[in-house]
Amino acid sequence: VRMVLEHQAEYKSQWAAMQSIVQKIGRTTETLRKWLSQSERDRRLRPGLTTDERERLNALENNELWVHFLPTLSQLFAVTMDQLASTCPEYAD
C-alpha cells in the first residue's frame with residue numbers, strides 16, 4: 001500500500017502503479033486494490049468499517065454466537081452426564 005501511495009505519481013493512473021508493484025511483491029492486482037481500499041477506510045477517506053471496527057464487530061458476533069448456543073451446550077452436557085452416571089456408577093453424584 002505504501003509503495004502505491006508513494007509511487008503512483010510516476011504512473012498514468014493508480015491502477016498502472018498497482019500493476020507494476022504487484023509484479024515486485026508477488027500478489028494480484030485485486031489483492032492490492034482491496035488492501036488500498038481498506039487503507040482508505042482506516043484513514044477515513046472512504047466510507048465503511050475500519051480494520052479495528054471490523055475486528056470489534058467480529059468479536060461481538062462471536063460472543064453472541066456463544067451466548068446463543070450456551071443453553072443448548074448446557075443441555076447437551078447435562079444429558080451426557082446423566083447418561084454417563086447411569087452407565088458408570090463411579091460418575092454418579
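Residues numbered from 1 in each chain as written. Predicted model: local features only at pLDDT ≥ 70, side-chain atom pairs only at ≥ 80, totals over all residues. Heavy atoms only, no water.

Some points on the overall build of the protein
Heads up, the rule is: Segments assigned H or I by DSSP are reported as helices when at least four residues long, segments assigned E as strands when at least two residues long, and all are numbered from the N terminus. Burial classes: relative accessible area under 20% of the type maximum marks a residue as buried, over 50% as exposed, and values in between as partly exposed (1.4 Å probe, protein chains only). Only heavy atoms matter for contacts: two residues are in contact if any of them lie within 4.5 Å across the pair.
Across its full length, the protein holds 4 helices and 0 strands. Reading the secondary structure of the protein in the N-to-C direction produces α-α-α-α. The buried share among the 93 residues of the protein stands at 16%. Within the protein, contacts between residues separated by at least 24 positions form 16% of all contacts whose residues are at least 6 apart in sequence.

With respect to the side chain of Thr-29
Positionally, Thr-29 belongs in helix 3 (residues 29–42). Ignoring any residue separated from it by four or fewer positions in sequence, one finds Thr-29 in contact with Trp-15, Met-18, Gln-19 and Val-22.

Things to note about the packing of helix 2 (residues 14–25) against helix 3
The description of two packed helices rests on the angle between their axes and on the distance between the axes. Put simply, the test is: Angles shown run from 0 to 180 degrees and are taken between the N-to-C directions of axes, each axis being a line fitted to C-alpha atoms and, for helices, limited to the stretch in contact. By convention, the crossing between two helices is left-handed when the near helix turns anticlockwise from the far helix through less than a right angle, and right-handed when the turn is clockwise. Just so you know the grouping, Ala, Val, Leu, Ile, Met, Phe, Trp, Tyr, Cys and Pro go in nonpolar, Asp, Glu, Lys and Arg go in charged, and all remaining residues, Gly too, go in polar.
Running from N to C, helix 2 and helix 3 cross one another at 115 degrees; their axes reach a closest spacing of 9 Å. In this structure, helix 2 meets helix 3 at a crossing whose hand is right-handed. On the side of helix 2, the interface is formed by Gln-14, Trp-15, Met-18, Gln-19, Ile-21, Val-22 and Ile-25, while helix 3 contributes Thr-29, Leu-32, Arg-33, Trp-35 and Leu-36. For the contact of helix 2 with helix 3, a count of residues per class yields 8 nonpolar, 3 polar and 1 charged.

Considerations on the pattern of salt bridges
Note the following rule: Any carboxyl oxygen of Asp or Glu that lies within 4 Å of a side-chain nitrogen of Lys or Arg is treated as forming a salt bridge with it.
Under the definition given, this model contains 4 salt bridges. Note that Glu-6 is salt-bridged to Arg-2, the shortest N-O span being 3.2 Å. In this pair, Glu-6 and Arg-2 are both assigned in helix 1 (residues 2–7), 4 residues apart and thus about one turn of the helix distant.

Distances and angles like these do not, on their own, reveal function.
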